[in-house]
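Reading the structure
Given next are the chains, with one letter for each unit.
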Amino acid sequence: MVKEAVDEIVRGTAEIIDKEKIEKLLKEYFEEGKHYYVKAGFDPTAPDLHLGHTVLLQKLATFQKYGGIVQFIIGDFTAMIGDPTGKSETRKKLDRETVLKNAKSYQEQVFKILDPDKTQVLFNSQWIDKLGASGLVELTTLVSVARMLERDDFEKRYKAGKPIAISEFIYPLLQGYDSVYLKSDIEIGGTDQKFNLLMGRQLQRSFGVGKEQAVLMMPILEGLDGVQKMSKSLGNYIGVDEEPNTMFAKVMSISDELMWRYYELLSSKSLEEIEILKEGVKEGKVHPKYAKELLAAEITARFHGDEAAKAAKEEFDRVHKQNDIPSDIAEYELKGPIWIAKALVECALEPSTSQARRDIQAGAVRVDKEKISDKDLHLKEGEYILQVGKRKFAKLKVTK
RNA sequence: GGUGGGAUACUCAAGUGGUCAACGAGGGCAGACUGUAAAUCUGCUGGCUUUCGCCUUCGGAGGUUCGAAUCCUCCUCCCACCA
């Protein structure tokens, strides 16, 4: 039992520090029914969860299966600082109301994966506010600047002559202090969080908490481009709240190479099953597109159910295999006659008439499936299907 | 506090009085080819009721000039070295 649980927890992880401790906690759960605390922090600035987040969430859910109580931290205080991700933008301080709103939205989405009965949702301002200026200074005495600069991200920026704000040094300290206050047994996060996660161990030691948290790191899920991490700001994400059709299509658009990565980190198939599939593709027995469809269907079904996933697949085939027009496209009504470029902007297919003109010249615009080249074209009364590129459609009714 | 360097479009990065809506690279979008994959090749990549035209953009505010991203003044921010 313990071994199976450990195997399941280890699956897909990038690195585990103090694995023995995790094994011990699991053993105690199975033998004595003892629970333990697994901490994970989330930023309240982006309430739209995407698949990158679910890699962590699924791991948390696994812990819940085996006696873990999840400490789900909304970093409302730390959000004011902003995690030093290399972006130089100063974060706006979020007001209480927005944070609460975002937190609520988090919960709606998070509990699609986590078990609410085994989850504590906590705001870190609750204990950090109490720390006060003197407490904060106390905290800063525990870590040296040289130690801070060991952090990969800081080191790179420092060497590149990029600015680092003092407040950014405080971020890891506060995240570590969360672990002190909550007496966490395990903290999980992405590999990019390594420094912060280890800080939790160091501070627990410094404060004499009596235990040091084990640290479990998950790989960072690449976004649709396959290069950069999945993030909302880069626009390369698949949101958990997205429409089934969109979700399915987005998975289909990833590269074959990336598909295996997604399998490893997102699929609930066993590693053996995945390996068999991979071999099949490699030997030419299985078409890679088929393997991708399986994945797309599994992911879509997780958030929308089997029915919706099936419908999404059918829709995908309809549109792409048969080159048909999607069954459900946005409709607009405009007064005519109207200049084609303007119409495209009005139908939200193009951001500007200048861009529309360029696309017309590039041959990317179709009206009723016919490619057009006349950028001065005016649409008279009637109904048209407008298309830009391969995936943007709109139905337009031109009235008098 | 002192000295020097820097701030250019999504990012990096050229440009040091007119030929600059601004080289180049990356990214992005589109076309061809495909499996709406990847790779490759090609085009585009500030806006405008319409484009051999007009308007806005080179950290901010003024100024010099027929004309400024480029010169001058002040301001803001960043970096390095010295204290």
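This text goes with the structure placed above it.
Anyway, here's the lowdown on the structure attached to this text.

Let us now look at the protein's contact with RNA strand B. Taken together, 29 residues lie near RNA strand B, and His320, Arg357, Arg358, Asp376 and His378 sit nearest. Of all RNA strand B atoms lying within 4 Å of any protein atom, the proportion belonging to sugar or phosphate reaches 55%. Here a base oxygen of RNA strand B sits 3.3 Å away from a polar atom, N or O, in the side chain of Arg357. Asp376 places a polar side-chain atom, nitrogen or oxygen, 2.7 Å from a base oxygen of RNA strand B.

Attention now goes to the sheet that holds strand S5 (residues 186-190). In sheet architecture, strand pairing relies on hydrogen bonds along the backbone and comes in two forms, parallel and antiparallel. With respect to topology, six strands assemble into an open sheet ordered S1-S6-S5-S2-S3-S4, the strand pairing being mixed. The two strands at the open ends of the sheet, each matched to only one other strand, are strand S1 (15-17) and strand S4 (119-123). Each strand of the sheet is rotated relative to its neighbour by a mean of 20°, with strand direction disregarded. Where S5 lies against strand S6 (residues 214-218), five bridges are found, and the strand directions are parallel. Paired with Glu187 across the two strands is Val215, which belongs to S6.

Attention now moves to the side chain of Lys21. In this structure, Lys21 sits in helix H2 (residues 19-32). Despite its burial, Lys21 pairs with no opposite charge, the nearest such side chain being Asp185 at 4.0 Å. Excluding its chain neighbours within four sequence positions, the residues that come into contact with Lys21 are Asp185, Lys211, Glu212, Gln213 and Ala214.

All chains considered together, the criterion is met by 27 salt bridges. Linking Asp317 and Lys313 is a salt bridge whose minimum nitrogen-to-oxygen distance equals 3.0 Å. Of this pair, Asp317 and Lys313 are both found in helix H14 (residues 306-321), four residues apart, which corresponds to roughly one turn of the helix. The shortest N-O distance in the salt bridge between Arg318 and Glu315 comes to 3.7 Å. Of the two residues, Arg318 and Glu315 are both situated in helix H14; the distance of three residues between them amounts to about one turn of the helix. With a relative accessible area of 13%, Glu315 lands in the buried category. One salt-bridge network, in which partners are shared between bridges, spans Asp18, Arg201, Arg205 and Glu212.

Structurally, Lys19 is set in helix H2. By relative accessible area, Lys19 is classed as partly exposed at 33%. Sequence-wise, Lys19 and Ala214 are 195 residues apart; in three dimensions their C-alpha atoms are separated by 6.9 Å. In this structure, Lys19 is in contact with Val6 and Val10, ignoring residues within four places of it in sequence.

A surface patch of negative charge is lined by Glu243, Asp328, Glu331, Glu333 and Glu383. As for its position among the elements, Glu243 is in the loop between S6 and helix H10 (244-252). Classification of Glu243 as exposed rests on a relative accessible area of 54%.

In this section: the pairing of strand S3 (residues 68-74). Taken across its seven residues, S3 has seven buried, putting it largely inside the fold. Along S3, one buried face is formed by Gly68, Val70, Phe72 and Ile74 and the opposite face, lined by Ile69, Gln71 and Ile73, is buried too. Bridging between strand S2 (residues 36-42) and S3 involves seven bridges; their strand directions are parallel. Paired with Tyr37 across the bridge in S3 is Ile69. The pairing of S3 with S4 spans five bridges and is classified as parallel. Bridge pairing in S4 links Phe72 to Val121.

A few words on the sheet that holds strand S9 (residues 365-367). A sheet is described by the order of its strands in space; here five strands give the open sequence S7-S13-S12-S9-S10, paired in mixed fashion. Sheet topology places strand S7 (331-335) and strand S10 (370-371) at the edges, where each strand pairs with a single neighbour. Bridge analysis of S9 against strand S12 (residues 382-388) gives three bridges, and the strand direction is antiparallel. Opposite Arg366, over in S12, you have Gln387 as the bridge partner.

About the thresholds
- Residues numbered from 1 in each chain as written.
- Chains lettered and ligands numbered in written order.
- Predicted model: local features only at pLDDT ≥ 70, side-chain atom pairs only at ≥ 80, totals over all residues.
- Heavy atoms only, no water.
- Near = heavy atom within 4 Å.
- Polar contact = N/O pair within 3.5 Å; in protein donor to acceptor, adjacent residues only side chain to side chain.
- Pairing = 2+ DSSP bridges.
- Helix = DSSP H or I, 4+ residues; strand = E, 2+ residues; numbered from the N terminus.
- Axes fitted to C-alpha atoms, helices over the stretch in contact; angles between N-to-C directions.
- Buried < 20%, exposed > 50% of the residue type's maximum accessible area, 1.4 Å probe, protein only.
- Lys, Arg positive; Asp, Glu negative; His and termini not counted.
- Salt bridge = Lys/Arg side-chain N within 4 Å of Asp/Glu carboxyl O.
- Contact = heavy atoms within 4.5 Å.
- Patch = residues over 30% accessible without salt bridge, like charges linked within 9 Å, V, L, I, M, F, W, Y side chains within 5 Å.
- Areas by Shrake-Rupley, 256 points an atom, 1.4 Å probe, with all protein chains shown as cover.
- Charge placed at Lys NZ, Arg CZ, Asp CG, Glu CD.

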